[in-house]
Amino acid sequence: MRAGREPAEPEPEPEPDAGAGRGSASWWEGGDWFEFTLAVLLALAAVGTAWAGFQSAKWSGVQANSYASAAAARTESTRRSTEAGQFLTIDVIMFTQWLTALNEEILAGPSQRPEGTYRPDPDTVSGLLFTRFRSEFKPAVTAWLRTRPLSDPAAPVTPFAMPEYRLSAEEDALRRLDEAQRLSERARQANQRSDNYVLTAVLFALVLFFSSLAGRARSRLARMLLFGLSVLTLAGAAVLLLLYPVEV
């Protein structure tokens with residue numbers, strides 16, 4: 001060794017890069033690809049949760065509208081049923097008055113016995129009442145007279161037993177009642193679909209929970225278990241979303 005020359009100092013070794021070491025770790029040891037996969041799961045779960053919440057709100061709206069429409073249909077059905085009852089009362093009163101007048105005229109002799117060839121005479125009380133029958137009631141009375149009710153014991157007692165007697169208000173009331181039942185069933189179905197989407201949103205929330213825990217877990221076994229639960233739950237929730245009807 002020559003005098004006056006100092007020995008060279010060894011160069012310091014470079015410190016290991018924390019990011020490089022994490023990137024070189026295996027997938028199950030929490031490397032970059034594992035974190036990327038978890039990020040994808042979290043993103044899918046977030047989108048699924050938003051979509052499930054949106055669909056649940058839409059079906060809740062369908063439920064509310066259907067119940068409101070069903071209530072309106074029931075109200076209208078009640079109104080039309082009341083109207084039909086009023087028409088029936090009018091027909092009964094008119095028929096009773098006509099039958100009373102006709103009986104008096106038969107006893108007096110000038111009126112022809114109604115055995116199928118009855119013709120209303122406007123100059124008589126019965127004839128005037130006959131012309132005042134409602135348009136829905138006249139076909140039933142005409143059909144009833146053809147059965148010769150005053151001479152044939154097997155004939156219907158009144159025209160109200162004839163199939164020709166039909167009240168449009170009563171038929172409309174029944175139709176609106178059927179519509180109300182159909183709307184109520186639709187509301188119940190919409191309520192069930194809304195609940196199904198809420199359940200799906202809960203499943204997506206579990207995916208977010210499991211994925212977050214998987215990213216923080218230190219044990220490889222725990223990381224594998226939580227990641228598997230995340231994938232299975234996400235797959236199940238996605239399948240349910242594909243099976244559920246969509247309301248737009």
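Preceding block: the structure.
Trainee: Whenever I open this one, the environment of L234 confuses me. Can you help?
Mentor: Structurally, the position occupied by L234 is in helix α6 (residues 220-243). In this structure the C-alpha to C-alpha distance between L234 and A45, which are 189 residues apart in sequence, comes to 6.9 Å.

Trainee: Help me understand the side chain of S66 in this model?
Mentor: With respect to the element layout, S66 can be found in helix α2 (residues 32-108). On the basis of relative accessible area, S66 is assigned to the buried category, the value being 3%. Polar contacts involving the side chain of S66 include one to the main-chain carbonyl oxygen of V62, which spans 2.8 Å. Setting aside residues no more than four positions away along its own chain, S66 makes contact with L183, R186 and A187.

Trainee: Can you walk me through the pattern of salt bridges in this structure?
Mentor: Side chains that carry opposite charge are capable of pairing whenever their charged atoms lie near each other. What the rule picks out here adds up to ten salt bridges. E83 is the salt-bridge partner of R79, the closest N and O atoms lying 3.8 Å from each other. With R79 and E83 both in helix α2, this residue pair falls four residues apart, about one helical turn. Since its relative accessible area comes to 46%, R79 is described here as partly exposed. Of the charged contacts in the structure, one is a salt bridge between E185 and R188, with a shortest N-O distance of 2.9 Å. Of this pair, E185 and R188 both sit in helix α5 (residues 168-216), three residues apart, which is roughly one turn of the helix. By relative accessible area, which is 43% here, E185 ends up partly exposed. Residue classification places R188 among the partly exposed positions, given a relative accessible area of 44%. Several salt bridges converge on common partners, so that one network encompasses E76, R79, R80, E83, D172, R175 and R176.

Trainee: I'm lost on the nonpolar core in this one. Help?
Mentor: Most often, soluble globular proteins have nonpolar side chains that are buried together. Judged by nonpolar contacts, the single largest core of 21 residues is most densely connected at L38, Y197 and F204. For this core, the elements supplying multiple residues, two or more each, are α2, α5 and α6. Counting residues in each nonpolar core, the second largest holds 20 residues, with W98, W144, L167 and A169 among its members.

Trainee: Which parts of the structure should I look at to understand unusual backbone geometry?
Mentor: Where the residue is not glycine, phi is negative for most of them; where a peptide bond is considered, it is trans in most cases. In the Ramachandran plot, R148 falls in the positive-phi region, its phi being about 55 degrees despite a non-glycine side chain. By secondary structure assignment, the location of R148 is in the loop between α4 (138-146) and α5.

Rules used in this analysis
Per-chain numbering applies: the sequence of each chain, read as written, is numbered from 1 onward. pLDDT decides what is reported in this predicted model: residues at 70 or higher carry local features, side-chain atom pairs at 80 or more are listed and counted, and totals for whole chains, interfaces and linings draw on all residues regardless. Side-chain metrics rest on all non-hydrogen atoms present in the structure, leaving aside hydrogens and water. For helices the rule is a DSSP run of H or I covering at least 4 residues; for strands it is a run of E covering at least 2, with both sets numbered from the N terminus onward. Relative accessibility thresholds used throughout: buried, under 20% of the residue-type maximum; exposed, over 50%; partly exposed, between the two (1.4 Å probe, protein chains only). For this analysis, a polar contact is any N or O atom pair within 3.5 Å, provided that within protein one partner can donate a hydrogen and the other can accept it, and provided that sequence-adjacent residues contribute only side-chain to side-chain pairs. Note on contacts: a residue pair qualifies if any of its non-hydrogen atoms lie within 4.5 Å across the two residues. What counts as a salt bridge is simple: a side-chain nitrogen of Lys or Arg found within 4 Å of a carboxyl oxygen of Asp or Glu. The set of buried Ala, Val, Leu, Ile, Met, Phe, Trp, Tyr and Cys residues whose side-chain atoms join them within 4.5 Å is what this entry labels a nonpolar core.

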